[in-house]
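Here is how the chains run, residue by residue.
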Amino acid sequence: MSTVQSLGRAIELLRLISAEHTSGARLSDLVAASGLPQPTVHRLLRQMVEGGLVMQDAQRRYRLGHFAYELGLVASTHFHLRDQCAPHLGRISAETGDTAFLMVRSGADSFCLDRQSGSFPIQVLTVQVGKRRPLGIGGGGLALLSFMPREDLPCVLDRIEPHLAPYGGLTRRILLGLVEEARAQGFARITDYAVAGVTSVGVPIRDRGGAVVGAISVSAMTARMQPREEMVVQTMQREVAALQRSL
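Model, not experiment: these values are computed from the prediction. (Residues numbered from 1 in each chain as written. Predicted model: local features only at pLDDT ≥ 70, side-chain atom pairs only at ≥ 80, totals over all residues. Heavy atoms only, no water.)

Here we come to the side chain of Arg 224. Tracing the backbone shows Arg 224 in helix 9 (residues 222-225). The exposure class assigned to Arg 224 is buried, which follows from its relative accessible area of 18%. Excluding residues within four positions of it along the chain, Arg 224 makes contact with Thr 96, Gly 97, Asp 98 and Phe 120. (Helix = DSSP H or I, 4+ residues; strand = E, 2+ residues; numbered from the N terminus. Buried < 20%, exposed > 50% of the residue type's maximum accessible area, 1.4 Å probe, protein only. Contact = heavy atoms within 4.5 Å.)

See below:
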């Protein structure tokens, strides 16, 4: 196995472990999710444990280790998207009354970097800060998928397709239809597939070169979102435009 191939597999295992940071990931789960042979997974995990990237708890579940934490602290000084977005996310949640999310891409996943709740009594907290889901799930994840370079789309769809069914029976064909709809209207909309009875809308965040660096989304019960969707989207677009000027 080449060094590059081993590195790619180790990175994928780190992503899988980080997705289960609360409960920890079992060896059998990592083998099933990665599609790699058990001896390969076990060897890579052993190497990452020795390097401090991964640790094993008393229940023999794998979690991110101390060196991963150290790397995160160092890297965080160079990434200010969460801090820059915070006031805009706050205004969106205050004006809509609903929960606003900041999502970024991590490989074939979307990662929740921040969320702020509004004042409406029923808040839809579809994803926690620090959690990841396949790209295309939720308004933010769908925006990240829809507005990535079109040539990258087939490869990403190949990677996420095996993980779509648990999200309301979502399929590659349905997801492609949602992507085309989002590209046509300039924002993403997804109903029921992440959470039944919930609609989420998402708007991409672009840097000065036009590359998508994240997405902001708002989620609400469908009965509440539908008559207010235009207002919610316009509020997000206004705040994203102001954010992009400051990036």
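To continue, consider the sheet that holds strand 7 (residues 198-206). Pairing is antiparallel across the open sheet formed by six strands, whose spatial order is 5-4-3-8-7-6. Two strands close off the open sheet at either side, each with one partner strand: strand 5 (132-134) and strand 6 (188-191). On average, each strand axis in the sheet is inclined to that of its neighbour by 30 degrees, with strand direction left out of account. (Pairing = 2+ DSSP bridges. Axes fitted to C-alpha atoms, helices over the stretch in contact; angles between N-to-C directions.)

Estimates place the volume of the second largest pocket at around 580 Å³. For the second largest pocket, the lining is made up of 22 residues, of which Leu 16, Ala 33, Asp 109, Pro 134 and His 163 are closest to its centre. Counting residues per element, the ones that place at least two in the lining of the second largest pocket are helix 1 (3-19), helix 2 (27-34), strand 5 and helix 7 (153-160). Considering only residue class, the lining of the second largest pocket consists of 11 nonpolar, two polar and nine charged. (1 Å grid on protein atoms, 1.4 Å probe; cavity = no way out; pocket = protein on both sides within 12 Å on 5 of 7 lines; lining within 4 Å. Points joined across faces, edges and corners; volume = space filled by probe spheres on them. Nonpolar A, V, L, I, M, F, W, Y, C, P; charged D, E, K, R; others polar.)

These values are about where atoms sit, not about what they do.
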